[in-house]
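# Working through the structure, step by step
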Amino acid sequence: MPLMFVSGVFFIITMLDFLENEITKNFPQISEKILQGLQEPSIVSIKLNPFKIPEKHFFEKLEKVPWSKFGYYLQERPSFVNDPLWHCGAYYVQEASSMFLDFIIQEILKITPKNFNWKILDLCAAPGGKTWSLASNFPIDSFVLANEIDPLRINILKHNVSVLGFPNIYISNNQPNEFPKEPLFDFILVDAPCSGEGMFRKHSDSLKNNLNHEYIQICAKRQKNILHEIKDLITPGGYLVYSTCTFNLEENEKLINEFLSQNHEFETFELSFPKEWNIFIGRYQKSIFYRFFPGITRGEGFSITILRKKGSLSSEGFSLPLKKNKHSTNSWIKNHLKNPENYSFFFKNQSYFAIKKNHFAFWEFIQTELKMIKNGILIGNQKSNDFLPEQEWVWNIDANDEIYPKYPLDKNQAIKYLSKETFKIEFQEIGINIMMYQGIFLGLANNIGKRWNNLLPKIYKIRKSFNGWL
Ligand SMILES: C[S@@+](CC[C@H](N)C(=O)[O-])C[C@H]1O[C@@H](n2cnc3c(N)ncnc32)[C@H](O)[C@@H]1O
C-alpha cells in the first residue's frame, strides 16, 4: 500500500485500526455493532430550556431522548445559527448520550429531601453542555459553580451559561489544585479531558492527537491527578460523577476501580433503568460504568459512573457573618429583576450585579479563594448619568419583563437584528426597548427618535463564518 505518498490517510487508518482492536478486545460480544455504528452518521439532539418555552412549541413533534427530561432528537442537523430561538437560549445543542446526566440527577433527587440546598461544582465545564444539565435538573436555588481551566474556552462557557439565563450559575477559572481542600460541594461533576475516542464519528478530528496506548496513559494520568485534587472537596453523603467520551478501560473502569481501592470513603452508586435504552453496563472489579456506544445506544460514545462519599448529606447551610454592602442600589435598578427581595445588589467598576441572598455567604467565601469570571447576574453599566442594561440581563430568566417596552420581531427581522443590519421598526416608545422573538427576550435596542441603535454586543453578531458557540 502506498502509505508514504498519503501520510494523512495512513495516520487515520492506523488510528482506526487501533480503535478497532481496542473495541474488539474490550467488548467482544458487541464489537461488531459498535464498529458498524461508527460508520453511521452522528445523531443530532437538542436540550430545551424549561424556562424559555417558545410560543410555537416546535418540540412537541420531536422524539424525546428517553433518559432526559428536556432532550429531543432531530432528524437532521439544521442551521442553528440561523434560528433566533437558539440565540435566545430556548434550546442548546447537546449530544444525546451525555444527557444521561439528567437521569442521574433525577434519581439522586428522588432520595434527597426536596428543600436540600445543593452546592454543585462542574469542574471541567466548557463549553457548558453539562452545566445546562446540572442547572436545569437541580432545584433553581442550588449554587452551581462552572469551572474551566482554559481561559479561551471560558468565553464560550460564559456565553452558553449567560444565554441559558439561570441566576444560580457562577463561573471560575481555576486549576483543580487551586480549590480549597475543604468539603464544600455536595455534587461534583468531573467531565474529564480524555482521548475522545467516543466522539470519533461526530468530530473525526477528535482523534488528531494520534490515538495510541501512550496517549491514553497520558490522559489517564491527568484524570487520576484531577480526581486526587478534588476528592476532599466533596461533603459526606455527596456525589462524585465522573465521565469521559472514550471507550477504553484505562480512562474509565480501571481508573475508577483504582480510585475506589485507594479511597475507601467512596462507594459506587448503582442505577436501574429500562433495558430498551440499550445502555451497556461495564463492570471492572469495584467499578460500574454506564456505557453509550454508537450502533447500540442512540447517541455518541460516552461513559459515566457515579460515586458517593459515605455519610449523610448535611442540611446545614454555609454561613459567614454578612458584610455590610456599602453601596445602596436604587429601587429602579433593583426592579430590573422579578423578585428583587431575593437578591443582594452590588456596584463595582461601574457595573451593577445581583447575587441570590441564599448564595451570598458561600459566594463570599469562594470568591476570596477562586478566580471568579461570572458572579450572579450582571444587570447593567453606569455611563456618566446613563444606565444601560446588559445583554446578560436580557437573557436572564429573572429579568423583569415590565421594566422596558417590548417589541416583537418576526424571524426575518430577528435574523437582521442578530446580524446587526439596519431595518425599519415602528417603535411605540423612545429609549430602551426589549426585542422579543416568539415571546422570549432576544436583545436590546435604543430608540433615539429618528433612528434606533442595535445594542446587541458585537461578539454575538451572526457572521457568515460563524459556526456557533458549540
Ligand atoms: C470534555 S471537556 C468538558 C465538556 C463539558 N463538560 C460539556 O459538557 O460541555 C473537558 C474540559 O476539561 C478541561 N481540562 C483540560 N485539562 C484539565 C485539567 N488538567 N483539569 C481540569 N480541566 C481540564 C478542558 O479545557 C475542557 O474544557
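Further up the page is the structure itself.
Residues numbered from 1 in each chain as written. Predicted model: local features only at pLDDT ≥ 70, side-chain atom pairs only at ≥ 80, totals over all residues. Heavy atoms only, no water.

## Some remarks on the sheet that holds strand β14 (residues 343–348)
- Pairing is antiparallel in the open sheet, where four strands are placed in the order β14-β15-β17-β18. Both edges of this open sheet fall to β14 and β18 (386–389), since each of them pairs with a single strand only. Pairwise comparison of adjacent strand axes, ignoring direction, gives a mean angle of 25° for this sheet.
- Two strands pair when backbone bridges link them, and β14 and strand β15 (residues 351–356) are joined in this way by six bridges, in the antiparallel orientation. Among the inter-strand pairings, F345 is bridged to a residue of β15, identified as A354.
- On top of the sheet, helix α10 (residues 360–369) reaches β14 and β15; it is set at about 120° to β15, its chief contact. (Pairing = 2+ DSSP bridges. Helix = DSSP H or I, 4+ residues; strand = E, 2+ residues; numbered from the N terminus. Axes fitted to C-alpha atoms, helices over the stretch in contact; angles between N-to-C directions. Contact = heavy atoms within 4.5 Å.)

## Re helix α12 (residues 411–418)
- All buried positions along α12 are accounted for by Q413, A414, Y417 and L418. Viewed end-on, α12 has its buried residues packed into an arc of 135°, placing them on one side of the element.
- In the core, the buried residues of α12 are packed alongside α3 (84–88), β19 (406–409), β20 (431–437), β21 (440–447) and β22 (452–454).
- The opening residue of α12 is D410, an N-cap whose side-chain oxygen sits 3.2 Å from the backbone nitrogen of N412. (Buried < 20%, exposed > 50% of the residue type's maximum accessible area, 1.4 Å probe, protein only. Arc of directions from axis to C-beta. Polar contact = N/O pair within 3.5 Å; in protein donor to acceptor, adjacent residues only side chain to side chain.)

## Considering the pattern of salt bridges
- Scanning the model with the defined rule gives 16 salt bridges in all.
- With a closest N to O distance of 3.3 Å, K25 and E22 form a salt bridge. Linking K25 with E22, this pair stays in helix α1 (residues 7–26), spanning three residues, or about one helical turn.
- E22 gets classed as buried once you look at its relative accessible area, which sits at 6%.
- Residues E63 and R298 are paired through a salt bridge, measuring 2.7 Å at the closest nitrogen-oxygen approach. In this pair, E63 is assigned in strand β2 (residues 63–64) and R298 in the loop between β12 (287–292) and β13 (302–309), connecting sequence segments 235 residues apart.
- Among the residues examined, E63 registers a relative accessible area of 44% and is labelled partly exposed. (Salt bridge = Lys/Arg side-chain N within 4 Å of Asp/Glu carboxyl O.)

Scope: geometric values only; no functional claims are made or implied.
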